[in-house]
Every structure is written in C-alpha cells, then in structure tokens.
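Here is how the chains run, residue by residue.
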Amino acid sequence: MHDEFAQNYTMIGLKVAYYRKLKGITQEQLACKMNVATSFIGQIEARGIYKPISLDTLFRIAKALDTEPYRFLMFD
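What comes next is a walk through the structure.

Conventions we followed
Residues numbered from 1 in each chain as written. Predicted model: local features only at pLDDT ≥ 70, side-chain atom pairs only at ≥ 80, totals over all residues. Heavy atoms only, no water. Helix = DSSP H or I, 4+ residues; strand = E, 2+ residues; numbered from the N terminus. Buried < 20%, exposed > 50% of the residue type's maximum accessible area, 1.4 Å probe, protein only. Contact = heavy atoms within 4.5 Å. Areas by Shrake-Rupley, 256 points an atom, 1.4 Å probe, with all protein chains shown as cover. Axes fitted to C-alpha atoms, helices over the stretch in contact; angles between N-to-C directions. Parallel < 35°, antiparallel > 145°, perpendicular 65-115°, else oblique. Left-handed = near helix turned anticlockwise from the far one by under 90°. Nonpolar A, V, L, I, M, F, W, Y, C, P; charged D, E, K, R; others polar.

1. Re the overall build of the chain
Piece 1. Broken down by element type, the chain carries four helices and zero strands.
Piece 2. When the helices and strands of the chain are placed in sequence order, the string is α-α-α-α.
Piece 3. Considering the chain as a whole, with its 76 residues, one finds that 37% of them fall into the buried category.
Piece 4. Counted over contacts in the chain with a minimum sequence separation of 6, partners at least 24 positions apart contribute 59%.
Piece 5. When the accessible surface of the chain is split by element, carbon and sulfur atoms take 54% of a total near 5,000 Å².

As structure tokens, this is what we get:
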C-alpha cells in the first residue's frame, strides 16, 4: 500500500512538471508565484522522491499554474 501512495505522489509531481512546462514557466517562476523555495518545487517534481504534499499546496500549485486541481489527481 505504501508503494502505491509513493507512486501516486510521484505521478502528481510529474503532472506538476507537465503543466508547468505547458504554461512555459520555470521552476523558479512557479516558486516565486507560490512564495516558496525553488528547491521545494524541485522536490515535488523529482522522479523517485516520495514528497507528500498537502491539498492546500496542491491548490496553490493549481492556482499558480491556472489549472484545475483535479488534473493532478487523475490516475489512469
């Protein structure tokens, strides 16, 4: 079960990276919009790193990327 959760967090991070790149902004720019460190965004997006994030953070990312939050939670 832990592995499934870790995999989902990794998928969320990959989706954050996808939508960030789709909007044409850098990790630095996203971090600036969210008032967090660039390394925080890097940790979320990094493959193979188990970085749980809160729903609040997920909503802040979605707002900064002008993307609906549910898009990060769709697991096929």
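2. Some words on the packing of helix α2 (residues 27-34) against helix α4 (residues 55-64)
Piece 1. Running from N to C, α2 and α4 point in directions that differ by 115°, and their axes come no closer than 10 Å. With respect to each other, α2 and α4 are oriented roughly perpendicular. Note that α2 runs across α4; the crossing there is right-handed. On the side of α2, the interface is formed by Leu30, Lys33 and Met34, while α4 contributes Thr57, Arg60, Ile61 and Ala64.
Piece 2. Among the residues making up the contact of α2 with α4, the classes are represented as four nonpolar, one polar and two charged.

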